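Observations on the three-dimensional arrangement
Listed below, chain by chain, are the residues.
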Amino acid sequence: MQMVYLLPLVLMAAGFAYSMYARKKALAEAASMTPEQIEQQFSDFYAHYYELQPDERIIGNWSGVEYQAPAGAARRIAGGALNAASAAVIGVSTYVPNVHVGLTNRGRVLVSREYSDFGKRGNYKHLAALDQGTRAFSRDAAYPGQDIGSPPGNPFNPLVSLEFIQLRSPGGDTYEAWLSPQGSRPGQHGFSSILQSLG
């Protein structure tokens, strides 16, 4: 009977050990690759989220949740009731979609947005392409002194808070999201915020 309580700890330890093994193996494989091969493998991993042009590669990727401006209390209550009713009747409810934001070797910034297929989440399609010269702005730079709401939970790593990001292209197009500061770029040690690449 007491062994049942230890099962979650054993599973957690096994998961941790496997992740360390997988990381060590990946690092060993990466050590034997050229920088060009690493960049190509990185791009291939994220390319299916976006519509790339010929000879265009993904050189940076950040994940998060689409920003939706906070609604008033009455609207929030009505929306919650409608959402619960639709979920009960047809098995579909509204949700805030996850997003991926990619930086290409041509300087374009691409956005891929999650969509639901018959209630099944986890599908992505290319949403937007912002031109070269697009910059990323923090909450304070985009909305100084304004309350834009609290960050939602991070669906990719619950231990890391999301940060508000507003992307602005030279042509005036904007896109807003809560993105993880744990973005990746090949050749860069550790994680980085999109603000470090486009700020």
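Higher on the page you've got the structure.
I will try to describe carefully the structure that is included in this document. Keep in mind the model is a prediction, meaning the values are calculated, not measured. (Residues numbered from 1 in each chain as written. Predicted model: local features only at pLDDT ≥ 70, side-chain atom pairs only at ≥ 80, totals over all residues. Heavy atoms only, no water.)

Observations regarding the pairing of strand β2 (residues 98-104)
Extensive coverage of β2 is indicated by the burial of seven of its seven residues. Side-chain alternation along β2 places Asn98, His100, Gly102 and Thr104 on one buried face and Val99, Val101 and Leu103 on a second face that is also buried. Where strand β1 (residues 58-66) and β2 come together, seven bridges link them in antiparallel fashion. When the bridges of β2 are listed, Ser63 appears paired with His100. Inspection of the sheet shows β2 paired to strand β3 (residues 109-117) by five bridges, in the antiparallel sense. Residue His100 lies in a different strand from β3, and its bridge partner there is Ser112. Hairpin geometry of β2 and β3 is characterised by an intervening segment of four residues between the two adjacent antiparallel strands and by a positive phi of about 85° at Gly107. (Buried < 20%, exposed > 50% of the residue type's maximum accessible area, 1.4 Å probe, protein only. Helix = DSSP H or I, 4+ residues; strand = E, 2+ residues; numbered from the N terminus. Pairing = 2+ DSSP bridges.)

Points about the packing of aromatic side chains
This structure, assessed with the given rule, holds nine aromatic pairs. When the centroid spacing of 6.4 Å and the interplanar angle of 35° are considered together, the rings of Tyr46 and Tyr49 count as tilted. Here Tyr46 and Tyr49 have matching classes, each one buried. Relative to Tyr50, the ring of Tyr49 lies with its centre 6.2 Å away and its plane at 65°, an arrangement referred to as edge-to-face. Pair check on accessibility: Tyr49 and Tyr50 agree, each one buried. Here the aromatic cluster, defined as three or more aromatic residues joined through ring pairs, consists of Phe42, Phe45, Tyr46, Tyr49, Tyr50 and Tyr124. Here the basic side chain of Lys125 rests over the ring of Tyr115, its NZ or CZ set 5.4 Å away from the ring centre. Over the ring of Phe137 we find Arg168, and its NZ or CZ is 3.9 Å from the ring centre. (Phe/Tyr/Trp six-rings, centres within 6.5 Å; stacked < 30°, edge-to-face > 60°. Lys NZ or Arg CZ within 6 Å of the ring centre and 35° of its normal.)

Some thoughts on unusual backbone geometry
When glycine is set aside, most residues are seen to have a negative phi, and most peptide bonds are trans. You will see that Asp55, though not glycine, has its phi angle at about 65°, which is positive. Locating Asp55 in the fold gives a position in the loop between α2 (35-46) and β1.

Here we look at the side chain of Thr134
Along the chain, Thr134 turns up in the loop between β4 (120-130) and β5 (135-137). A distance of 2.6 Å separates the side chain of Thr134 from the backbone oxygen of Asp131, its partner in a polar contact. In this view, Thr134 contacts Val109, Leu167, Arg168, Ser169, Pro170 and Leu198; residues no more than four positions away in its chain are not counted. (Polar contact = N/O pair within 3.5 Å; in protein donor to acceptor, adjacent residues only side chain to side chain. Contact = heavy atoms within 4.5 Å.)

Here we look at a nonpolar patch on the surface
Together, Leu6, Leu9, Val10 and Met12 give the surface a local cluster of nonpolar side chains, amounting to about 410 Å² of exposed area. Summarising the element assignment, Leu6 is placed in helix α1 (residues 2-31). We classify Leu6 as partly exposed; its relative accessible area is 41%. (Patch = residues over 30% accessible without salt bridge, like charges linked within 9 Å, V, L, I, M, F, W, Y side chains within 5 Å. Areas by Shrake-Rupley, 256 points an atom, 1.4 Å probe, with all protein chains shown as cover. Salt bridge = Lys/Arg side-chain N within 4 Å of Asp/Glu carboxyl O.)

A closer look at the pairing of β3
Sheet analysis places β3 next to β4, joined by eight bridges and oriented antiparallel. Along β4, the bridge assignment pairs Ser112 with His126. The turn linking β3 back onto β4 is made up of two residues, and Phe118 within it adopts a positive phi angle of 55°.

Focus: the nonpolar core
Soluble globular proteins tend to pack their nonpolar side chains together in the buried interior. Core analysis: the largest hydrophobic core is formed by 16 residues, its most contacted members being Val101, Val109, Leu167, Tyr175, Leu179, Ile194 and Leu198. Counting residues per element, the ones that place at least two in this core are β1, β2, β3, β6 (163-168), β7 (174-179) and α5 (194-198). Leaving out residues up to four positions away in the same chain, Val101 has contacts with Tyr50, Gly60, Asn61, Trp62, Val109, Leu110, Val111, Leu167, Leu179 and Ile194. Counting residues in hydrophobic clusters, the runner-up holds eight residues, among them Val65, Phe137, Leu162 and Phe164. (Core = buried A, V, L, I, M, F, W, Y, C linked by side-chain atoms within 4.5 Å.)

Re α2
Taking 1.5 Å as the rise per residue, α2 with twelve residues should run 16 Å; its terminal C-alpha atoms sit 17 Å apart, in good agreement. Looking only at α2, the buried set comprises Phe42, Ser43 and Tyr46. Taken around the axis of α2, the buried residues stretch over an arc of 95°, which confines them to a single face. Those residues of α2 that are exposed and aimed more than 90 degrees away from the buried face are Asp44 and Phe45. Considering only its buried residues, α2 is in contact with β1. (Expected span 1.5 Å × (residues − 1). Arc of directions from axis to C-beta.)

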